[in-house]
Each structure stands twice: as C-alpha cells, then as structure tokens.
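Summary of structural features
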Amino acid sequence: MSIRIGDEAPDFTAASTEGPLHFHEWIGDSWAILFSHPKDFTPVCTTELGYMAKLKPEFDKRNTKILGLSVDPVSNHKAWAADIQETQGHAVNYPMIGDEDLKVAKLYDMLHPNASGGQRTAADNATVRSVFIIGPDKKVKAMLVYPMSAGRNFDEVLRLLDSLQLNAKHTVATPVNWRPGEDVIIPTSVSDEEAQRKYPDGFKTLKPYLRVVAQPK
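Looking at an unreviewed UniProt entry, the protein chain carries the name Peroxiredoxin, with the source organism given as Pseudomonas benzenivorans.

With that out of the way, let us pick up the packing of aromatic side chains. If you walk through the whole model with that rule in mind, you get eight aromatic pairs. An angle of 85 degrees between the planes, with centres 6.1 Å apart, marks the rings of phenylalanine 12 and tyrosine 108 as edge-to-face. Here phenylalanine 12 is found in the segment before β1 (13–14), whereas its partner tyrosine 108 is found in the loop between α4 (103–107) and β6 (130–134), with 96 residues between them in sequence. Residue tyrosine 108 is classed as buried on the basis of its relative accessible area of 1%. Among the aromatic residues, those joined into a ring-pair cluster are Phe12, Phe23, Trp26, Tyr108 and Phe132.

Below, the discussion takes up helix α2 (residues 43–61). Taking 1.5 Å of rise per residue, 19 residues should cover 27 Å, and α2 covers 29 Å from first to last C-alpha, within 8% of that figure. Those residues of α2 not exposed but buried are Cys45, Thr46, Glu48, Leu49, Gly50, Met52, Ala53, Leu55 and Phe59. Of the surrounding elements, those touching the buried residues of α2 are β3 (31–37), β4 (64–70), α3 (74–88), β5 (96–98) and α5 (154–170). Directly beyond the C-terminal end of α2, a positive phi value near 55 degrees is found at asparagine 63.

The next subject is the nonpolar core. Ranked by internal contacts, the top residues of the largest apolar core, which has 25 residues, are Phe12, Phe23, Leu34, Leu67, Tyr108, Phe132 and Ile134. Contributing elements (two or more residues each) for this core: α1 (23–27), β3, β4, α4 and β6. It is α1 that contributes the most residues to this core, three residues altogether. Discounting chain neighbours no more than four positions away, the residues touching phenylalanine 132 are Ile3, Ala32, Ile33, Leu34, Tyr108, Met110, Val140, Ala142 and Met143.

A few words on α5. For α5, which comprises 17 residues, the first-to-last C-alpha distance of 24 Å matches the rise-based estimate of 24 Å (1.5 Å per residue) to within 8%. What α5 keeps buried is the set Phe154, Val157, Leu158, Arg159, Leu160, Leu161, Asp162, Ser163, Leu164, Gln165, Leu166 and His170. Here α5 starts with a cap whose side-chain oxygen sits 3.1 Å from the backbone nitrogen of aspartate 155, and that cap is asparagine 153.

Once that is clear, we can look at the sheet that holds β4. Pairing is mixed in the open sheet, where five strands are placed in the order β5-β4-β3-β6-β7. Edge strands, defined here as strands with exactly one partner in the open sheet, are β5 and β7 (140–145). The mean inter-strand angle of the sheet, taken between neighbouring strand axes irrespective of direction, is 20 degrees. The sheet contact formed by β3 and β4 spans seven bridges and is parallel. Looking at β4, one finds that tryptophan 31 is bridged to threonine 64.

By the bridge criterion, three bridges tie strand β8 (residues 184–186) to strand β10 (residues 210–213) in an arrangement that is antiparallel. Paired with valine 184 across the bridge in β10 is valine 213. In terms of strand pairing, strand β9 (residues 204–207) meets β10 through three bridges, oriented antiparallel. Its bridge partner lying in β10, threonine 205 is registered against arginine 211. Connecting the antiparallel pair β9 and β10 is a turn made up of two residues.

Spatially, three strands are ordered β8-β10-β9 in an open sheet, and the strand pairing comes out antiparallel. Both edges of this open sheet fall to β8 and β9, since each of them pairs with a single strand only. On average, each strand axis in the sheet is tilted by 40 degrees relative to the strand beside it, whichever way the strands run.

This next bit is on the pattern of salt bridges. As enumerated under the stated definition, the model contains ten salt bridges in all. In this structure, glutamate 58 engages arginine 62 in a salt bridge whose closest nitrogen and oxygen atoms are separated by 2.9 Å. Judged by its relative accessible area of 25%, glutamate 58 is partly exposed. Aspartate 192 serves as the salt-bridge partner of arginine 211, at 2.9 Å between the closest nitrogen and oxygen. Of this pair, arginine 211 sits in strand β10 while aspartate 192 sits in helix α6 (residues 192–198); the two residues are 19 residues apart in sequence, bridging distant segments of the chain. By relative accessible area, which is 2% here, arginine 211 ends up buried. Looking at aspartate 192, the relative accessible area reads 36%, which means it is partly exposed.

What counts, and where the lines are drawn
- Residues numbered from 1 in each chain as written.
- Predicted model: local features only at pLDDT ≥ 70, side-chain atom pairs only at ≥ 80, totals over all residues.
- Heavy atoms only, no water.
- Phe/Tyr/Trp six-rings, centres within 6.5 Å; stacked < 30°, edge-to-face > 60°.
- Helix = DSSP H or I, 4+ residues; strand = E, 2+ residues; numbered from the N terminus.
- Buried < 20%, exposed > 50% of the residue type's maximum accessible area, 1.4 Å probe, protein only.
- Expected span 1.5 Å × (residues − 1).
- Contact = heavy atoms within 4.5 Å.
- Core = buried A, V, L, I, M, F, W, Y, C linked by side-chain atoms within 4.5 Å.
- Polar contact = N/O pair within 3.5 Å; in protein donor to acceptor, adjacent residues only side chain to side chain.
- Pairing = 2+ DSSP bridges.
- Axes fitted to C-alpha atoms, helices over the stretch in contact; angles between N-to-C directions.
- Salt bridge = Lys/Arg side-chain N within 4 Å of Asp/Glu carboxyl O.

If you want it as structure tokens, here you go:
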C-alpha cells in the first residue's frame, strides 16, 4: 500500500508503552505526528527520541500528539527509555508502539510488503525512518523519509507543522525558509478580489502569481 499526501492515514490498533492504542481514536480532534525507528537501542534514534521529548511542550501548544514506533516489543522500549533519559537528559513522555510483527510499518509503506517479523537487524529495517504529519481529519498532510545515518531535524518538523496549521486555518502558503511571524503567500486559488476582502490592510503583488501578505493572526 502506497501512502500519499491527502490520503486518509491508515487506522490500526497496536500495543504501546501507554497500553493498547487505537490510532484514529487516539488522535481525536488533535493533529498527530507518527515517527518510526528501525530498532531499539540504536544510536541515532536514541538522540531523536530524547529531542522529541524535549520538544513535546511545543507540540502540546499546537494541539499535536506525538507517537513513536519501533519494530521491537514494548518491553524493549521501556528499557531503552531509561538509556534515552540517561544520555539525552529527557525522559520519553509520549507513547511508543511495539511493532514486532511489522503490521504498522507495512501499513505505512515503510518496509517491503514481503518483509517478515522476528529477529531483525537495524539494517533489515532501514526504511523504517519515516515521519507522518496527520491532521484532525485523519488525512496525511506531510511525509518525510530519512536514511539510517542522518538524524532527523525535528525543529523542521515543528516548522512544517506551523506552516500546515496556518494553511488549514487561513488558506495561505509559506515561502522558502519561512518562519512563524514572517510574510506568507496568497495562493493563486484566491482571486485578487477575494484577497482584497480578506486583507483590507493590503498585500504586495510581486507578480500576478506571487502575492505576499503579513501572516494572519
């Protein structure tokens, strides 16, 4: 199954460090970030899980839940969490799925559909380095896939979330390297007449297809 932006995020039920988790029900009216790891006790992911724990208050402010996944059992996650707190200075403060049968990894197209569970190395799970941002409507809003060797930039995930939420609320687009508070782009789907009504303080037209305006509040 191939996942694309705009698809409904596949629903599932799985064991987690916070008990059985029914994904769509767990999301509720929130946004959600599902991010996966190739194996417990791997070095790059240890740093990532700690950093996400540090960022959790920022995601909370944005009505966004975060959920980790590894293709090891939940019992291993709990032991790994102690290492994460010791080495990264932040305790894991969000649920982590145990996906030892690879059900969720396959459902989200992270692994080859013929992959089997059981004893696997991190290399076997090399494609399980994915991030999915999912809206309250349960639709996939964005996806990122990283190789084994490169730690993910979760500050960028936070920035991307801000952009997606701004678009959802105000129907605007964000330019290259945009940061919250900076000018945004009026999409071409919005006519000049609509833009004038929506932005009575005015906007700047650089080209007929490129109009910028102060970020809506």
